[in-house]
Amino acid sequence: MSKLGQVVESVEDYNQFVLDQVKRARTDEKFGRELLGRWNDIKAKIPVTRTPTGLPLPRLALPEIDEPGEIARYLFGEGLPGEFPYLNAAYREMYLEPVREIESFEKNESVAAGVSPANRSKKQPARLPLQEEPTRLFSGLMLAEDTNERFHYLTRHQRTHRLSTAFDGPTLYGIDSDADGVFGKIGEGGVAIDTVEDMMQLYDGFDLGSPNFSASMTISGPAPIIMAMYIAAAKRRFGPKVVPKLRGTIQADIFKEVQAQNETIFPIEPSLRFLTDMVEFTTHEMPRWYPISISGYHIGEAGSTPVQQAAYTLSNGFAYVEMFAGRGIPVDQFGPRLSFFLDCGLDAEYIALARVSRRIWAIGMRDVFGAGPKAQLYKLHTQTSGRSLIAAEFKNNLTRTAAELVLAYMNATNSCHSNSADEPFTTPSEEWIRLAAHGQAILLEESGIFKHTMNMLSGSPGMKAVERAVETAILDEFREIERLGGVLAAVEERYQRSQIQNAAHRYEQQIYDGTRPIIGLNRYRDGADEIPDVKLARTPRSKQQLQVDRLAKFKKKNAEKAKRALDKLAEIVERGENFFPTLLEAAEVCSLGQITGRLQEIVGRFRPMV
């Protein structure tokens, strides 16, 4: 039995354990009293906060139960926020405003009542520091300086700077901007990055070593090369001591590429080897960096069902864990540095998809891989569904995204990106991307849905029904992958890809025949087919030529150094050693395309699956 098969067994065993604890709590009086006492103690210690209108609310909402069996079912089957199996949240408190909100209300109330400052209570609630916003802002357009300007625009009102970067097509495929046939693609749909100098310009003005800065890079095929350029750029600006301080994520997920996207530049096995080299380096040298974002988002965007997205993402994650552990990296060293990325659409499954994924991951990591608490955490970034955005009557996309944001935060996502309503047409404009970011601010700051109380919307009968159905369906997918011989064998059989394609066809057929309502497209359409007046974001030819000219200058300046660096890199790869330290050296003087090309000479090119 493979590790994935063991995960299935461990989840089923844990579910039986929960049932046994429920039974024990109802038959063993001493155990039942202990659970009831613990429950009452937990409730007694929950702080009380106040809404702006003065309504007192607990900072953690718990079900109103006093029967030992149901208490056991909650504590063992779900866990408190921040406690195994982490169904309700990875951390004890998320999204909550500081306690000083209580002080502000009580102070105003006492003043209004004519109470003098001297007669107010001396006892003040403990102050909590402002938490990092979960909002992650996403951009990538034209050249590095253009995206940098957009980054500064987006972070103008953010306490913490959490930036996600989209790269253009040539960069995603490891191709230089001066390659044949790519001129018109430079800076389209993302930012063009060819060299370490581009990377320096991309994040100019941001303190890369600050605890309040985090960079996320949406790239997988050439991820180790782009990662090396980011480190090189940080060292040039802040010196070598900045490396352990760097904080962020790089996608680097090869499995989802071959399952859903095809933005892979080396064959699968060398790609996985280069990834593991990078994980090994960052695990030892960069304790605040997430070297892989195990990504279901692109699986969902390619057409999968929500259950397929979660099942393939989780199974890919367990396959990476097995691979990294096989390299000899301790699971409790790399495990806390794994992160996940799901989309959030409008299907019913999304009411609990991330919650169930968090529980399955925790059980599998603990019981199959022997991971400690920090490595059991399923740390999740969520993006609202790009596939749900519709060109017809596109302003309705604001409502779609708002509903998806509610679902994402109901699932206690750790960070979130909201798509812009104009994305069916173009790279988002400042107007629409600002509205998208404000959607999260309205939900988290203006509304009282999440900022006063944890678990405000969790635990309804409907949510529990979806949880049970989703978990069963995910485990069924695991069994099929296990039957095929595991994740890599299933990839080679094109299992995941074929299932995604089938699901995508069903989705489109449902839209076509009306069984899946899309407001403004196949239902309640006003009959107007005029193309809306949306300004398209295009990269001027002058900017594309500027990128080519800068690249030529860089290559000419570093020609001799680049040759030596590439020769050394090739030697290390051919010897089978960890290539990442040498890649760091090459990133200082070589372009992305030069490094990609030399590595492809050694390990070959990826042949896309049809």
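Located above this text is the structure these notes cover.
Values in this document were obtained by computation on a predicted structure and should not be read as measured data.

Visitor: I would appreciate a short explanation of the sheet that holds strand 5 (residues 213–218) in the present structure.
Guide: Whether parallel or antiparallel, the strands of a sheet pair through hydrogen bonds between backbone atoms. Spatially, the 5 strands line up as an open sheet ordered 3-4-5-6-7, and their pairing is parallel. Looking at the sheet topology across the chains shown, the edges are occupied by strand 3 (137–139) and strand 7 (289–290). Here 3 bridges tie strand 3 to strand 4 (residues 161–166), and the two strands are oriented parallel to one another. Paired with L137 across the two strands is L163, which belongs to strand 4. Packing against the sheet, helix 5 (residues 144–154) makes contact with strand 3 and strand 4, and its axis sits at approximately 160° to strand 3.

Visitor: Explain the packing of helix 10 (residues 268–285) against helix 12 (residues 306–326) to me, please; I cannot follow it from the model alone.
Guide: To describe two helices that pack against each other, one gives the angle between their axes and the distance between the axes. Contact geometry of helix 10 with helix 12 gives a least axis separation of 10 Å together with a crossing angle of 70°. The angle between helix 10 and helix 12 places the two elements in the roughly perpendicular class. Viewed along their axes, helix 10 and helix 12 form a crossing whose handedness is right-handed. Of the residues in helix 12, those touching helix 10 at L272, L275, T276 and V279 are Y320, M323 and F324. Its residues placed into classes, the contact of helix 10 with helix 12 shows 6 nonpolar, 1 polar and no charged.

Visitor: Explain the pattern of salt bridges to me, please; I cannot follow it from the model alone.
Guide: It is possible for side chains of opposite charge to pair when their charged atoms get near one another. Applying the stated criterion across every chain, the model contains 36 salt bridges. Of the charged contacts in the structure, one is a salt bridge between K563 and D567, with a shortest N-O distance of 3.3 Å. Taken together, the positions of K563 and D567, both in helix 21 (residues 559–575) and 4 residues apart, correspond to about one turn of that helix. Exposure remark for K563: the relative accessible area of 52% places this residue in the exposed category. Look at D567 and you get partly exposed, because its relative accessible area is 32%.

Visitor: Please clarify how the sheet that holds strand 9 (residues 338–344) should be interpreted in this entry.
Guide: Taking strand neighbours across the sheet as the criterion, the 4 strands line up as 8-9-10-11 in an open arrangement whose pairing is parallel. Looking at strand neighbours, the two that pair on one side only are strand 8 (292–295) and strand 11 (415–417), the edges of this open sheet. Between one strand and the next, the sheet's axes are offset by a mean angle of 25°, whatever the strand orientation. Where strand 10 (residues 380–384) and strand 11 come together, 3 bridges link them in parallel fashion.

Criteria and cut-off values
Residues numbered from 1 in each chain as written. Predicted model: local features only at pLDDT ≥ 70, side-chain atom pairs only at ≥ 80, totals over all residues. Heavy atoms only, no water. Pairing = 2+ DSSP bridges. Helix = DSSP H or I, 4+ residues; strand = E, 2+ residues; numbered from the N terminus. Contact = heavy atoms within 4.5 Å. Axes fitted to C-alpha atoms, helices over the stretch in contact; angles between N-to-C directions. Parallel < 35°, antiparallel > 145°, perpendicular 65-115°, else oblique. Left-handed = near helix turned anticlockwise from the far one by under 90°. Nonpolar A, V, L, I, M, F, W, Y, C, P; charged D, E, K, R; others polar. Salt bridge = Lys/Arg side-chain N within 4 Å of Asp/Glu carboxyl O. Buried < 20%, exposed > 50% of the residue type's maximum accessible area, 1.4 Å probe, protein only.

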